[in-house]
Amino acid sequence: MIRIKDLHKKFGSQVVLNGLDLDIEEQGIIAVLGPNGSGKTTLIKSILGMVVPDKGQIDLYEEIVIKRWKYRQNIDYLPQIANFPGNLKVMELITMIKDLRGKEARDQELIEFFKLQPYLDKKLNKLSGGTKQKVNLVLCFMFDSPLIILDEPTSGLDPISLLHLRDLIQQEKEKGKTILITSHIMNFVEEVADRIVFLLEGKIYFDGTVSQLKTNTRQQDFERAIANLLSEEYVQDFKI
Amino acid sequence: MRKFSFLLFFFFCFSSLQAKEIQVCTSCEVNSLQQAVDMAVDGDVIRIKSGIYKEHGVEILNKSIKIIGEGYPVIDAEMQGTAITVKAENFSIEGIKIINIGTSHTNDFAAILVSRSKNFRIVNNRFENIFFGILIERSSAGTISGNKMKSKSRIQAKSGNGIHMWHSEDLTVKNNEIIGVRDGIYLEFVNNCVIKENLCKDNLRYGLHFMFSDHNEYLGNTFENNGAGVAVMYSKFIEMRRNLFRKNWGSASYGLLLKEISDSELINNTFEDNTIAISADNTNRINYRHNDFISNGYAVRIRGACYKNVFTENNFLANSFDVAYTGNINENEFLKNYWSEYTGYDLDKDGTGDVPYRPVKLFSYLVNRTPEAIILLRSIFIGLLDFSEKVSPIFTPAELIDPQPQMRKIK
Amino acid sequence: MYKILKYSFFDLTRSSWSYVYFFFYLLLGITLLFLNNDLSTAVITLMNVIIMIVPLIGTIFGVMYYYNSREFTELLLAQPVKRSSIFLGQYFGVAISLSLSLILGLGIPFVAYGLFKSAVIWDFVMLLITGLFLTLIFSALAFNIALSHENKIKGFGYAILLWLFLAVIYDGLFLLSLVYFQDYPLDKFSLIATMFNPIDLSRILILLKLDISALLSYTGAVFKEFFGTPLGAVTSMGMLILWVVFPLLRMRQVIRKKDF
């Protein structure tokens, strides 16, 4: 499904991805974790084509990705920061993205799901951060693409919406999709993730299930397990 | 009174008895102008019917006759020399068309040559493909009006002037149209004349050219697209009113070139789209009033040795340069003009700007020194430069100002 | 690209800045025509405005729009849309909305004044054409600067500097070199120097209409050939087109390699 080979990326003198290999063949939820600057976002953006790698290859459904654009038809993406063109109204934004994709969308269902009806005629710069994040989620989930990439999907959400989001992700998983998530809410990750991919210094440092991680690090607690991963490398940054 | 009218009646009877009319036509007994002139005596009328008469060197000597063309009979000189030469008093030539006057380096061949004559009229004739049109020498009291001339001069040395006057006086040149000769109207040693409502266009050199000709009036003429515009030299007591100088373009082209002119008036003239509207050189005591300078490269260029030139109540509109100035201030004055570039204010609302206007731009000095700099005309940098010069003049003469610039266009 | 252009354009037509710009020109046109009452001086004032304000607004607007729509851009980048379409679409969105403000803002008062009956119409058309070119050029330059500088403040700084350089400093250096080398034949040099500054080019195009009589006072044969024949207008117009094309090409190059 996704096949990444020997991916390199430097920003200036800083090496962000350093020969990363990653294969994702299965369906389900894959969490990409790692400390700040470990290359999570760069990896995601490389898959999306927003970052152009220096070297390496990315295949998606047996197709080369780099410097192409049509393949993005098959990806739903939730960006980390939900900032939109302020002059547009919510409904206009949704219509616009539908127009750009030219694909079937279940926007009505999701608007109801997140109770966004009262905001549809509001301009985006008038919305609160949480509401924006909901709009963000609608935009992401309304197309039925086989691959979903979520960059910090929980940020700004109130507890009820968080529950909704969890349900939504489960539903999508049951449909047989592949879902790539980054998050720093560890119990959220622990709960939903089928597979953990841990990045460190631009390489994959750990790749396996939650229970494998716990066994490997001999820790019962997921957060501690992660911390343990880091401490072995003497990495100072504990914010994951 | 009664006696007088009787006398008048008698005079008419007598003269009509005496005067006869000679008909000229191609199939008549008299079939050439020369033939008719030879037959005519004082007071006769020669009536030429339309047709083509291949003649040149026709001479009218000391005969007071009237030549009238009907339907513009054509006198074709076949490039052989002057068509008609007149040396007479009280004659008139009217309604004929003269064509094909040959050029020459030694003789000034003309369509009509008037020499040592008095009291004559040359009216409503047509001239085409000519060398000189009407050439008048040592004559006086004549009227030249309603004539139309058209030629296609290309080289100055091989072309002549439309209406050329020399050593004459008391002439009226009115309502003529002169297109495509060397100088449209030319005067040399000609005094007390009125040049009125003529159109001089597309002439090779000057639309109007005069030298050593005093006490003349130039009224309501139009000078357009002539090679070098209008040149006025070595004359005094000139009056120029209501003339229009238009589209005289080129590096050596002027609307009006004044050289050694004194005691003259320029009033109500319009200068539009000329490279240099007025260039004044050695001019003294000249009044410029109520003229409009519109969209010229330079509106007024004052060169050396000009004294007491006074510009009052003129409109300077959208010229690239309003005034270019060389030399000292020399009592030349600008007063109560309207300058479209004036940016001052009028707090007391009396219609006169409270800050004086400086019509000379620093940039005109720069262009004078480095002519290529003209390419920077109207750039922002030049604007800043001119502005700072206006605030504190260093290069331009500080006294050269219009102390009472008008806020509104002068009607 | 057209979809992006459409959305950028509609986004901008709602931004109050487009209206500020539009009303600025409207007011300017009305003041010049109806208070001053003289067409030829109005056209000259307009020219000064066009060679100064249009590049400035184009630059600032271009940079501002780029930085303000960064999120929008990121949203689009994740969609199945070609990269160059996104940026060219946004660029043309900005350029067209600015151009429309200019044309309508100045056009309405001039039409109301009865421009079509006057001979100044061609001067005015030339003003609008150069205004259009300057808008296209300077928003393209602004996009280039913004694309190369992630830092907003730096981007704005460079954009303003670029404007200042082309609008004022360039001509200053130009004049200095003319005065300094005045003993040499300079007509070719000065024509070539003009070609490298879009503001000078536009100025020349307008001068050809407004001040041809002054331009012809210079005796050089090269100038005469340039200004006295259609050569000047054709060359200047061609150079202006290149000034639009090159920044756009560079933009495409940068976009291809840029990370977001």
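Residues numbered from 1 in each chain as written. Chains lettered and ligands numbered in written order. Predicted model: local features only at pLDDT ≥ 70, side-chain atom pairs only at ≥ 80, totals over all residues.

1. Here's the deal with the overall build of chain A
So, point 1. The helix and strand tally for chain A stands at eight helices and ten strands.
So, point 2. In terms of overall dimensions, chain A is globule-like: its C-alpha atoms have a radius of gyration of 18 Å, near the 18 Å expected for 240 residues.
So, point 3. Viewed in the frame of its principal axes, chain A has a C-alpha envelope of about 50 × 40 × 35 Å.
So, point 4. Across the 240 residues in chain A, those meeting the buried criterion constitute 39%.
So, point 5. A separation threshold of at least 6 residues defines the contact pool for chain A, and within that pool the share at least 24 residues apart is 68%. (Helix = DSSP H or I, 4+ residues; strand = E, 2+ residues; numbered from the N terminus. Rg over C-alpha atoms; globule rule 2.2 N^0.38 Å. Buried ≥ 20, exposed ≤ 12 C-beta atoms within 10 Å, placed from the backbone. Contact = placed C-beta atoms within 7 Å.)

2. Overview of the pairing of strand S4 (residues 55-60) of chain A
So, point 1. Pairing between strand S1 (residues 2-11) of chain A and S4 of chain A: five bridges, direction antiparallel. In the strand pairing of S4 of chain A, Ile4 of chain A is matched with Ile58 of chain A. (Pairing = 2+ DSSP bridges.)

3. Concerning the UniProt feature "transmembrane region" (unreviewed entry) in chain C
So, point 1. Here the UniProt-annotated "transmembrane region" (unreviewed entry) positions come out as residues 16-35, 42-67, 87-112, 124-146, 158-181 and 227-249 of chain C.
So, point 2. The annotated region residues 158-181 of chain C carries 96% helix and 0% strand content, and the separation between its end C-alpha atoms amounts to 31 Å. (UniProt positions renumbered as here; feature names shortened; annotations may be inferred.)

4. Here's the deal with the sheet that holds strand S2 (residues 14-24) of chain A
Residue and element names in this part refer to chain A.
So, point 1. Spatially, the four strands line up as an open sheet ordered S2-S1-S4-S5, and their pairing is antiparallel. Either end of the sheet is taken by a strand with one partner, and the two such strands are S2 and strand S5 (63-64).
So, point 2. Across eight bridges, the pairing between S1 and S2 is antiparallel. The partner of Lys9 across the bridge, within S2, is Leu17.

5. Re the interface of chain B and chain C
So, point 1. Contacts between chain B and chain C engage 30 residues on the former and 31 residues on the latter.
So, point 2. Split into classes, the residues belonging to the side of chain B that touches chain C amount to 15 nonpolar, eleven polar and four charged. (Nonpolar A, V, L, I, M, F, W, Y, C, P; charged D, E, K, R; others polar.)

6. Overview of the sheet that holds strand S10 (residues 203-208) of chain A
Residue and element names in this part refer to chain A.
So, point 1. Pairing is mixed across the open sheet formed by six strands, whose spatial order is S6-S7-S8-S3-S9-S10. Each end of this open sheet is capped by a strand with a single partner; those strands are strand S6 (75-78) and S10. Each strand axis lies, on average, 15 degrees off the axis of its neighbour in the sheet, ignoring direction.
So, point 2. Pairing of strand S3 (residues 28-33) with strand S9 (residues 195-200) involves four bridges; the strand directions are parallel. Looking at the pairing, Val32 lines up with Val197 of S9. (Axes fitted to C-alpha atoms, helices over the stretch in contact; angles between N-to-C directions.)

7. Some details on the interface of chain C and chain A
So, point 1. Counting from both sides, the interface comprises 20 residues of chain C and, opposite them, 22 residues of chain A.
So, point 2. At the level of secondary structure, the elements contributing two or more residues to the side of chain C that touches chain A comprise helix H1 (2-14) and helix H4 (70-77) of chain C.
So, point 3. Among the elements that make up the side of chain C that touches chain A, the one with the highest residue count is H4 of chain C (five residues).

8. Side note on the packing of helix H3 (residues 39-68) of chain C against helix H6 (residues 121-148) of chain C
Residues and elements named next belong to chain C.
So, point 1. In the contact formed by H3 and H6, the axes pass within 7 Å of each other and the chain directions differ by 25 degrees. The angle between H3 and H6 places the two elements in the roughly parallel class. Considering how the two elements wind past one another, H3 and H6 form a crossing that is right-handed.
So, point 2. Taken together, the residues that form the contact of H3 with H6 break down as 19 nonpolar, seven polar and one charged. (Parallel < 35°, antiparallel > 145°, perpendicular 65-115°, else oblique. Left-handed = near helix turned anticlockwise from the far one by under 90°.)

9. Some words on the packing of helix H9 (residues 198-210) of chain C against helix H12 (residues 230-257) of chain C
Residues and elements named next belong to chain C.
So, point 1. The interhelical angle for the contact between H9 and H12, taken along N-to-C directions, is 150 degrees, at an axis separation of 10 Å. Relative to H12, H9 is oriented roughly antiparallel. As H9 runs across H12, the sense of the crossing is left-handed. The residues of H12 that touch H9, namely those facing Pro198, Leu201, Ser202, Ile204, Leu205 and Leu208, are Gly232, Ala233, Ser236, Met239, Leu240 and Trp243.
So, point 2. Looking at side-chain class alone, the contact of H9 with H12 contains nine nonpolar, three polar and no charged residues.

10. A word on helix H3 (residues 362-369) of chain B
Residue and element names in this part refer to chain B.
So, point 1. Turning to H3, its buried residues are Phe363, Ser364, Leu366 and Val367. Axial view of H3: buried residues confined to an arc of 155 degrees, hence all on one face.
So, point 2. Buried residues in H3 make contact with strand S35 (321-325) and helix H4 (380-391). (Arc of directions from axis to C-beta.)

11. Some thoughts on the confidence of the model for chain C
Residue and element names in this part refer to chain C.
So, point 1. Averaged over all residues, the pLDDT of chain C equals 87, while 99% of them reach at least 70.
So, point 2. The secondary structure element of chain C with the lowest average pLDDT is helix H10 (residues 212-215), at 76, and the one with the highest is helix H7 (residues 152-180), at 94.
So, point 3. This complex was scored by the predictor with a pTM of 0.81 and an ipTM of 0.88. (pLDDT = per-residue confidence, 0-100.)

12. Brief notes about the environment of Ala228 of chain B
Residue and element names in this part refer to chain B.
So, point 1. Summarising the element assignment, Ala228 is placed in the loop between strand S23 (222-224) and strand S24 (229-236).
So, point 2. Sequence separation between Ala228 and Leu256 is 28 residues; the distance between their C-alpha atoms is 8.7 Å.
So, point 3. With residues near it in sequence (within four places) discarded, Ala228 still touches Arg205, Tyr206, Ala252, Ser253 and Tyr254.

13. Some points on the pairing of strand S8 (residues 178-182) of chain A
So, point 1. With respect to burial, S8 of chain A is a largely interior element, five of its five residues being buried.
So, point 2. In this view, the connection linking strand S7 (residues 147-151) of chain A to its parallel neighbour S8 of chain A by way of helix H5 (residues 159-174) of chain A has right-handed handedness. (Right-handed = clockwise from strand over helix to strand, strands pointing away.)

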